[in-house]
Amino acid sequence: MTGPFRDDPHRGAGPDAASPVLEVRDLTVFHGQLRALSGVSLQVDAGRVHAIIGANGAGKSTLLRTIAGLHRPAEGAILLDGEDVTRRSPHSRVDAGIALVPEGRRLFPSLTVEENILVGQRRVAERPWTPERVYELFPWMRERRDQRTAQLSGGEQQAVAIGRALAANPRALLLDELSLGLAPVVVRQIYGLMPELLSSGMAVLLVEQDVSQAVRTASTVQCLLEGRTTLEGRPEEFTPEQIEAAYFGLASSRATE
Amino acid sequence: MTWVNAVVQGILLGGLFALFACGLSLLFGTMRVINLAHGDLAVVAAFLAVEIVPTTHLPAILSFLIVLPIFLGLGYVGQRTLIQTALDRGAFTVLLVTFGLSVVIENVLLELYSANSHSIDIGSLVSKSIHVNAQISIAYLSLGIFVVAVIVLLGLQYFLSRSTMGRQIRAVADDQDAAQLVGIDYRHVFGVAAAIAFATVALAGLAFGMYSSFAPSSGQGPLIYAFEAVVIGGLGSLWGTLVGGIILGVAQAVGGQIDPSLQILAGNLVFLAVIALRPEGIFKGRVAA
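No experiment lies behind these values; they were computed from the predicted model shown. (Residues numbered from 1 in each chain as written. Chains lettered and ligands numbered in written order. Predicted model: local features only at pLDDT ≥ 70, side-chain atom pairs only at ≥ 80, totals over all residues.)

(A) Region of the structure containing the overall build of chain A. Scanning chain A for helices and strands turns up eleven helices and ten strands. Considering chain A as a whole, with its 257 residues, one finds that 43% of them fall into the buried category. The contacts in chain A between residues at least 6 apart in sequence include a share of 73% that link residues at least 24 apart. (Helix = DSSP H or I, 4+ residues; strand = E, 2+ residues; numbered from the N terminus. Buried ≥ 20, exposed ≤ 12 C-beta atoms within 10 Å, placed from the backbone. Contact = placed C-beta atoms within 7 Å.)

Next up, the structure:
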């Protein structure tokens, strides 16, 4: 793994757009009887990182999978560049400009590294991500492109998964649990790539178990608890205690303010 | 020398089995569909040729020019309607639907053509052969079918490993959800895979119809041989399917040489031995489809 090593907070490099790239309005999703999300809303602007934090089962992954089209919401709307994509199929959302790096990476085991990148390729005018550009971001991939992904380390597999999503040239990039199962140094390297992704005007929505990593990276954070938003705003607005209270749903913390 | 001849004939017969089997293998590899109507579709293709040849005055050997496009279309449409609807309800429904399809096809053919044997008339070609020596002679037709089978399997392997659609077929076979997330319309990919599978089974049906006589119920034998070839070779490997077909063909030919009544039994015994000793098949399928 190479790439710029930066651990400083990155709070938006792109221009302030008038309208958000990705907008979610009052999203409610059921898993059978279970209400996984209740009226969740969010906005992500171009060049910004919006981080979703929360405990296991808070509905973070469900939120990303619903935006990508793998779950149908009972209520609410998903808009990309102002266009309603709520009823579109998952594959046509990729064409519209939404790409998800799923939890567990989900690479294609019988495809080589290069084929994993190529299969995600969408040629879109004026969007910069070609397979060649992905190799510039991850130079080791060029020599190892004919290998199968099972031969790669966890961090390398995560890089291929990101490269596969980038090759689709998304407007909104959704990252689900990037750090899961990876060594801290690898996680820092991957997050160090963020400025380069944002500089192309992409909007990034990420779900992260590691709250401190999310707070360091994100322009805005949003905490989910049992499918509802318990906290939302710029990370510097909150004390660690406030975030902790929102994360675990501790009502008593309000009294300490 | 008669044994050498048996092996040679078995290898050639194996090409036909492999041709039957590759569509079955492709359907299972990409969408986990076990098509029990596979053999009956081959018989439909053969009957189609019986109809086409007298009306169009096309040489029988060229009947594939008409039958193949029909089956490509049938495969795509059949997948997008009947098979996909069944798939959405679960694997067991697919099995029942293809079984039902098999029964329906057989009975419709019985209604149309009665239970009498038919054959695709290819004229004098049926009896022409190359005499290698006194014991070994290779029929043009058998050799032609074998060559077609090898070309089809090689072509399919090349298509799957090199083309964009082939890459998408392998991606969908690996992980349907992840394939959707990279922008692949998996239903369309399924449709294309089914179209190819139907086209190969049509070719197999035409070859079968030229090779021997057939009746509406003739689809069951080829279905079983195709299954056996796929399992012997290893599920999910097209090379394995070719080798599996050849092993089955040789087993049948050598068995038939020992005693004509042993022909089918010998093939089945080899199949059972592979299941018992090497259940994953000779080539463990790494590349799906």
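From this point, the narrative continues.
(B) Structural context of the sheet that holds strand S7 (residues 172–176) of chain A. All names here are of chain A. The sheet built from six strands is open, its strands ordered S6-S7-S8-S3-S9-S10 with mixed pairing. Edge positions in the sheet fall to strand S6 (98–101) and strand S10 (228–233), since each of these pairs with one other strand and no more. Each adjacent strand pair in this sheet contributes to an overall mean axis angle of 15 degrees, direction not counted. In this structure, strand S3 (residues 49–54) lies alongside strand S9 (residues 220–225), joined through five bridges in parallel fashion. Looking across to S9, one finds that Ile-53 is bridged to Cys-223. Helix-sheet contacts for helix H1 (residues 60–68) involve S3, S6, S7, strand S8 (203–207) and S9, and the interaxial angle to S7 is about 145 degrees. (Pairing = 2+ DSSP bridges. Axes fitted to C-alpha atoms, helices over the stretch in contact; angles between N-to-C directions.)

(C) Summary view of the interface of chain A and chain B. At the interface, 20 residues of chain A touch 17 residues of chain B. Those elements that provide at least two residues to the side of chain A that touches chain B are helix H2 (90–96) and helix H3 (113–119) of chain A. When grouped by side-chain class, the residues that make up the side of chain A that touches chain B number twelve nonpolar, three polar and five charged. (Nonpolar A, V, L, I, M, F, W, Y, C, P; charged D, E, K, R; others polar.)

(D) Seen up close, the sheet that holds strand S5 (residues 83–84) of chain A. Residue and element names in this part refer to chain A. Within the open sheet, the four strands sit side by side as S2-S1-S4-S5. Their pairing is antiparallel. Only two strands of the sheet have a single partner each, and these edge strands are strand S2 (34–44) and S5. In the sheet, strand S1 (residues 22–31) pairs with strand S4 (residues 75–80) via five bridges, with the strands oriented antiparallel. The residue of S4 that forms the bridge with Leu-22 is Leu-80.

(E) Summary view of the nonpolar core. Membership of the largest hydrophobic core comes to 164 residues, with the highest contact counts inside it found for A:Leu174, B:Leu16, B:Ala45, B:Ala193 and B:Leu206. The element best represented in this core is helix H8 (residues 186–211) of chain B, accounting for 20 residues. Excluding its chain neighbours within four sequence positions, the residues that come into contact with B:Ala45 are B:Val67, B:Phe71, B:Ala202, B:Gly205 and B:Leu206. (Core = buried A, V, L, I, M, F, W, Y, C linked by C-beta atoms within 7 Å.)

(F) Representation of the pairing of S10(A) within the structure. All names here are of chain A. Of the strand pairs in this sheet, S9 and S10 are connected by five bridges, and their pairing is antiparallel. Across the sheet, residue Gln-222 finds its bridge partner in S10, namely Glu-232. Hairpin geometry of S9 and S10 is characterised by an intervening segment of two residues between the two adjacent antiparallel strands and by a positive phi of about 45 degrees at Glu-226.

(G) Layout of the packing of helix H2 (residues 38–56) of chain B against H8(B). Residues and elements named next belong to chain B. H8 packs onto H2 with a crossing angle of 60 degrees between their chain directions and a minimal axis gap of 7 Å. Looking at the two axes, H2 sits oblique to H8. Seen from above, H2 lies across H8 with right-handed handedness. Of the residues in H8, those touching H2 at His-38, Leu-41, Ala-42, Val-43, Val-44, Ala-45, Ala-46 and Ala-49 are Phe-198, Val-201, Ala-202, Ala-204, Gly-205, Leu-206, Phe-208 and Gly-209. Tallied by class, residues from the contact of H2 with H8 come to 13 nonpolar, three polar and no charged. (Parallel < 35°, antiparallel > 145°, perpendicular 65-115°, else oblique. Left-handed = near helix turned anticlockwise from the far one by under 90°.)

(H) Seen up close, the confidence of the model for chain B. In this model, chain B carries an average pLDDT of 92, and 98% of its residues clear a pLDDT of 70 or more. The ipTM for the predicted assembly is 0.85, set against a pTM of 0.88. (pLDDT = per-residue confidence, 0-100.)

(I) Fine view of the confidence of the model for chain A. All names here are of chain A. With 89% of its residues at a pLDDT of at least 70, chain A reaches an overall mean of 87. Note on residues 1–17: pLDDT is under 50 here. Beyond four places in sequence and across chains, it has 40 contacts. Contacts from residues 252–257, a stretch scored under 50 in pLDDT, to residues over four places away or in other chains number four contacts.

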